[in-house]
Amino acid sequence: GDLVPASAALFVALDTDLGSAQWQAVDGLASKFPDKQKAVDSINQQLRKKGLDWERDLKPALGPELDVVTLDLAHPDETVAMMQPKDEGAFERAVKKGNAGDPSSKLVYEKFHGWTLISDKQSAIDAFRQASGAAKRTLSDDKNFSAAMGKASDGIFRAYVNGASVMAAARNFMGPDAGSYFKKLGTLDWLLMTLRAKSDGIAWDTTVHGTPGKAFKNVDVHASDGSLQKLVPKDALLYLAFHGSKGMLGGLGGNPILQQFGAKGLGDAFQQLGTILEGENAFYIRPAGTKDVPEVTFIAAPGGGVDGAAALDRVLNRFARELGGRPKRTTIAGVSARVIGAGPIAVRYANVKGKLIVTDLPSGIVFAQNGGKSLTD
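The following refers to the structure shown. In this text, all values refer to a predicted model and were calculated from it rather than measured experimentally.

### A few points about the side chain of Ser374
The residue Ser374 is located in the segment after helix H13 (362-370) in this model. Note on Ser374: relative accessible area 4%, which makes it buried. What Ser374 contacts, discounting residues up to four positions off in sequence, is Gln229, Lys230, Val232, Pro233, Lys234 and Phe367.

### What to know about the pairing of strand S3 (residues 79-83)
The element S3 is largely enclosed, with a buried count of 4 among its 5 residues. Summarising the sheet, strand S2 (residues 65-70) and S3 pair through 5 bridges and their orientation is antiparallel. Within S3, the position partnered with Thr70 by the bridge is Thr79.

### Quick notes on the sheet that holds strand S5 (residues 115-119)
Strand order in the open sheet made by the 8 strands is S4-S5-S3-S2-S1-S6-S7-S8, with antiparallel pairing throughout. Bordering the open sheet on either side are strand S4 (108-112) and strand S8 (201-212), each of which pairs with just one other strand. Averaged over neighbouring strand pairs, the angle between their axes works out to 15 degrees when direction is ignored. Taken together, the 12 bridges between strand S7 (residues 186-198) and S8 define a ladder with antiparallel strand orientation. Within S8, the residue paired with Met193 across the bridge is Thr206. Helix-sheet contacts for helix H4 (residues 88-101) involve S3, S4 and S5, and the interaxial angle to S4 is about 155 degrees. Across the sheet, helix H5 (residues 122-134) is in contact with S2, S3, S4 and S5; its angle to S4 comes to roughly 20 degrees.

### Regarding the sheet that holds strand S15 (residues 355-359)
Pairing in this open sheet of 7 strands is antiparallel, and the strands run S9-S10-S11-S15-S14-S13-S12 from one edge to the other. Whereas interior strands pair on both sides, the edge strands pair on one side only; in this sheet they are strand S9 (238-243) and strand S12 (328-332). Geometrically, the sheet is characterised by an average inter-axis angle of 20 degrees between neighbouring strands, direction not taken into account. Its contacts with the sheet place helix H11 (residues 308-318) against S12, strand S13 (335-340), strand S14 (347-352) and S15, and it is angled at close to 150 degrees to S14. Packing against the sheet, H13 makes contact with strand S10 (280-286), strand S11 (295-301), S12, S13, S14 and S15, and its axis sits at approximately 15 degrees to S14.

### Topic: the pattern of salt bridges
One pass over the full model with this rule turns up 15 salt bridges. As a salt-bridge pair, Arg137 and Asp142 come within 3.1 Å of each other at their nearest N and O atoms. When salt bridges that share partners are traced, they join Arg56, Asp57 and Lys97 into one network.

### A word on the nonpolar core
When a protein is soluble and globular, its nonpolar side chains tend to lie buried together. Core analysis: the largest hydrophobic core is formed by 23 residues, its most contacted members being Val4, Phe11, Val69, Met82, Phe128 and Tyr160. Mapped onto this core, the elements with two or more residues apiece are strand S1 (10-15), S3, H5, helix H6 (143-149) and S7. The greatest single-element share of this core, amounting to 4 residues, is contributed by H5.

### Details of the packing of aromatic side chains
According to the stated counting rule, one finds 6 aromatic pairs in the structure shown. Residues Phe145 and Tyr160 carry aromatic rings whose centres are separated by 5.1 Å and whose planes lie at 90 degrees to one another, so their mutual orientation is edge-to-face. Of this pair, Phe145 sits in helix H6 while Tyr160 is found in strand S6 (residues 157-162), placing the two residues 15 residues apart along the sequence. Each member of the pair, Phe145 as well as Tyr160, carries the same accessibility label: buried. Ring centres 5.9 Å apart and planes at 25 degrees place the aromatic pair Phe157 and Trp204 in the stacked group. Residue Phe157 is located in strand S6, and its partner Trp204 is located in strand S8; the two are separated by 47 residues in the primary sequence.

Definitions and limits used
- Residues numbered from 1 in each chain as written.
- Predicted model: local features only at pLDDT ≥ 70, side-chain atom pairs only at ≥ 80, totals over all residues.
- Heavy atoms only, no water.
- Helix = DSSP H or I, 4+ residues; strand = E, 2+ residues; numbered from the N terminus.
- Buried < 20%, exposed > 50% of the residue type's maximum accessible area, 1.4 Å probe, protein only.
- Contact = heavy atoms within 4.5 Å.
- Pairing = 2+ DSSP bridges.
- Axes fitted to C-alpha atoms, helices over the stretch in contact; angles between N-to-C directions.
- Salt bridge = Lys/Arg side-chain N within 4 Å of Asp/Glu carboxyl O.
- Core = buried A, V, L, I, M, F, W, Y, C linked by side-chain atoms within 4.5 Å.
- Phe/Tyr/Trp six-rings, centres within 6.5 Å; stacked < 30°, edge-to-face > 60°.

From the geometry alone we can't say anything about function, so treat these as descriptive.
Structure, rendered in structure tokens:
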């Protein structure tokens with residue numbers, strides 16, 4: 001952080017100390033899976049294609065941490081990695097071997113105040129050196145960065161995003177007419193993403209810090225209570241739960257990006273979707289047997305007597321021309337359902353026992369209706 005300008009758009013810190021508590025936890029988790037060695041062998045095979053060996057070439061070259069810095073979101077190619085190799089000679093040999101093994105993606109590197117700057121472009125290293133030398137403040141001096149990283153004391157992966165840079169990039173993309181819309185959204189100070197290994201799994205945490213604008217003045221945040229887990233199959237590969245809030249999408253109807261694409265009726269569409277998402281929600285992905293595509297299912301528990309399927313009908317019917325058709329009635333597991341599209345890109349949805357089920361395969365509705373072994377088991 002002492003060399004990185006405080007204005008940098010993105011700062012990523014990767015733990016490369018394989019003896020750290022985080023990597024020991026990762027190893028413990030991986031050891032629970034019978035295919036761990038297959039994954040290791042596959043990685044080694046890919047490295048050998050580039051003329052590298054993990055134990056001999058890469059492991060000795062690593063330092064305790066690898067940092068990645070993007071100075072400006074408008075110029076993502078000006079990204080550099082920073083590290084302090086454990087063995088300078090091993091690092092130089094590894095880069096030389098890697099460049100020889102894959103000439104199409106050569107790395108360049110340069111020493112800078114005790115750190116090694118790495119990139120695939122010399123121009124990116126030059127830009128970083130110039131920005132670092134001209135910076136009046138660095139990340140180490142920035143209160144936003146200190147506040148953010150203080151919430152992520154450890155982690156395999158920690159990513160800090162400069163809110164001012166994100167807002168500037170969004171304004172530049174959306175044009176001058178978007179100024180009033182941004183005032184309604186509020187301000188973004190910073191965003192932090194952390195990937196942390198725990199004894200029982202991998203945790204992905206995201207923290208957003210800023211000041212909400214008028215678009216969110218009526219939005220109350222509720223924590224998920226996980227009450228829909230019983231509707232999620234035991235063999236789900238991914239499970240996400242969140243709780244909505246009344247009016248949570250009310251401010252999006254005037255989004256200038258969407259308006260630029262000529263979408264009409266956005267205000268009403270977001271209002272309908274908002275009523276569906278006001279309560280507890282869940283999303284999961286699970287393997288689909290012999291099918292090539294997985295089952296992707298969303299579950300909503302709308303409150304206030306809202307008919308979720310009917311609300312979704314209104315949204316899809318409004319955009320029938322853009323979608324290429326209207327939802328068609330069908331029956332799945334004895335339940336009245338709708339389907340829009342065909343083949344692998346069809347979407348099916350139905351009200352099942354007071355919940356709205358939206359899925360790409362009939363099995364999502366079948367499980368909700370007939371039950372079976374769930375995550376709670």
